[in-house]
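Listed below, chain by chain, are the residues.
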Amino acid sequence: MPAATGTKRVRGVSIFRPFVYGSEAQPFDPDNRPPDAPADHTHQWRVFVKGINDEDISYWLKKVQFKLHETYAQAVRTIEQPPFEVTETGWGEFEIQIKLYFVPESTEKPQTLWHSLKLHPYGHDIEGKRERREKVISQNYEEVIFNEPVELFYDILTGGSFPGQLPKGKSGKHTKQAQQGSGRTAEIPFNESPGNPYSRTTENKELDRLMEAHKTVDLMLKEEKAKLIDRERRLAELKESEGFSPVVRRK
Ligand code: SLL
């Protein structure tokens, strides 16, 4: 029996979509506390899921469910449209469960992520950051991969219409161009901007940093090896000059 319309998968194709998830937090200004914040609350914070460069991702992401700590009233917050975020006040850090629900046409199961809410400065100059009451940002770049999406979802993802027969490469797999389609893509901006640190340039800088680190490790290995050879040579010389011969103990 032929597969029902909407469940036929585009074989050999994986499509990924980048996004950012994380939190921002700031201590209250003592002279200007939010009027309805409970007395023991110290910070305002926001947890979010968004597109790179604030790109609209609602064509593939239907809703997001944030599960807060049980000390919060209505700990489960479901956000049905962008911006997919929850703003709250509180006093403590905890793990937030983030469940991504994809558009119904995708027929994809929801996926769960975890984020550690950060209220307190970390990294360099913690004291300075605390004094300046700097915003504490903790966010991650992530990619969701849709393997062999159903045809309708393929169309939605690429903004094109499923071409029926996709061009195939030598390997028999569909070509990258076909994966990308003609419309919507997973393009990441070339340069970073104040609101978005994720770009090709950042990625390249990170790669350069890794290559440098690799070179340094190689150099250290060479030095250690040279030291070892030298020590072995000196030991051999010592044995020779002192007529050293190891004692073999008998049982
Ligand atoms: C901690 N394990 O001890 C964590 C729990 C809970 C945070 C942090 C507000 C709750 C309320 C709030 O900040 N809960 O509204 O009372 O640090």
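Since the model is a prediction, treat every value here as computed from it, not as a measurement.

**Topic: the sheet that holds strand β1 (residues 14-27)**
Sheets are built from strands that pair by backbone hydrogen bonding, the pairs being arranged parallel or antiparallel. Pairing is antiparallel across the open sheet formed by four strands, whose spatial order is β5-β2-β1-β8. Every interior strand has two partners, whereas the edge strands, β5 (84-90) and β8 (136-147), have only one. If you compare each strand with its neighbour and ignore which way they point, the axes differ by 15° on average. Pairing geometry for β1 and strand β2 (residues 43-50), over eight bridges, is antiparallel.

**Re the site of the ligand**
Taken together, the neighbourhood of the ligand is formed by His41, His69, Thr71, Tyr72, Gly90, Trp91, Gly92, Glu93 and Phe94. At 3.0 Å, a side-chain N or O of threonine 71 approaches a nitrogen atom of the ligand. A distance of 3.4 Å separates an oxygen atom of the ligand from a polar atom in the side chain of tyrosine 72. Here the ligand has 460 Å² of accessible area as a free molecule, and 69% of this is covered by the chains. Taken together, the residues of the shell around the ligand sort by class into three nonpolar, five polar and one charged.

**Re unusual backbone geometry**
Proline 82 connects to proline 83 through a cis peptide bond whose omega is -5°. When you line up the elements, proline 83 lands in the loop between β4 (76-79) and β5. Phi is positive for asparagine 53, close to 60°, though the residue is something other than glycine. Among the structural elements, asparagine 53 can be located in the loop between β2 and β3 (61-67). Backbone geometry places aspartate 54, a non-glycine residue, at a positive phi of 60°. Within the secondary structure layout, aspartate 54 lies in the loop between β2 and β3. Since its relative accessible area comes to 58%, aspartate 54 is described here as exposed.

**Concerning helix α2 (residues 151-158)**
Burial analysis of α2 places six of its eight residues in the buried class, which makes it a mostly covered element. For α2, the complete set of buried residues consists of Phe153, Tyr154, Asp155, Ile156, Leu157 and Thr158. The positive-phi residue at the C-terminal boundary of α2 is glycine 159, with phi of around 70°.

**Structural notes on the packing of aromatic side chains**
A full pass over the atoms with the stated rule returns ten aromatic pairs. By the ring-pair criterion, three or more aromatic residues cluster together here, those being Phe19, Tyr21, Trp60, Phe102, Phe146 and Phe153. Against the face of tyrosine 122 rests lysine 118, its NZ or CZ located 6.0 Å from the ring centre.

Rules of the game
Residues numbered from 1 in each chain as written. Predicted model: local features only at pLDDT ≥ 70, side-chain atom pairs only at ≥ 80, totals over all residues. Heavy atoms only, no water. Pairing = 2+ DSSP bridges. Helix = DSSP H or I, 4+ residues; strand = E, 2+ residues; numbered from the N terminus. Axes fitted to C-alpha atoms, helices over the stretch in contact; angles between N-to-C directions. Near = heavy atom within 4 Å. Polar contact = N/O pair within 3.5 Å; in protein donor to acceptor, adjacent residues only side chain to side chain. Areas by Shrake-Rupley, 256 points an atom, 1.4 Å probe, with all protein chains shown as cover. Nonpolar A, V, L, I, M, F, W, Y, C, P; charged D, E, K, R; others polar. Buried < 20%, exposed > 50% of the residue type's maximum accessible area, 1.4 Å probe, protein only. Phe/Tyr/Trp six-rings, centres within 6.5 Å; stacked < 30°, edge-to-face > 60°. Lys NZ or Arg CZ within 6 Å of the ring centre and 35° of its normal.

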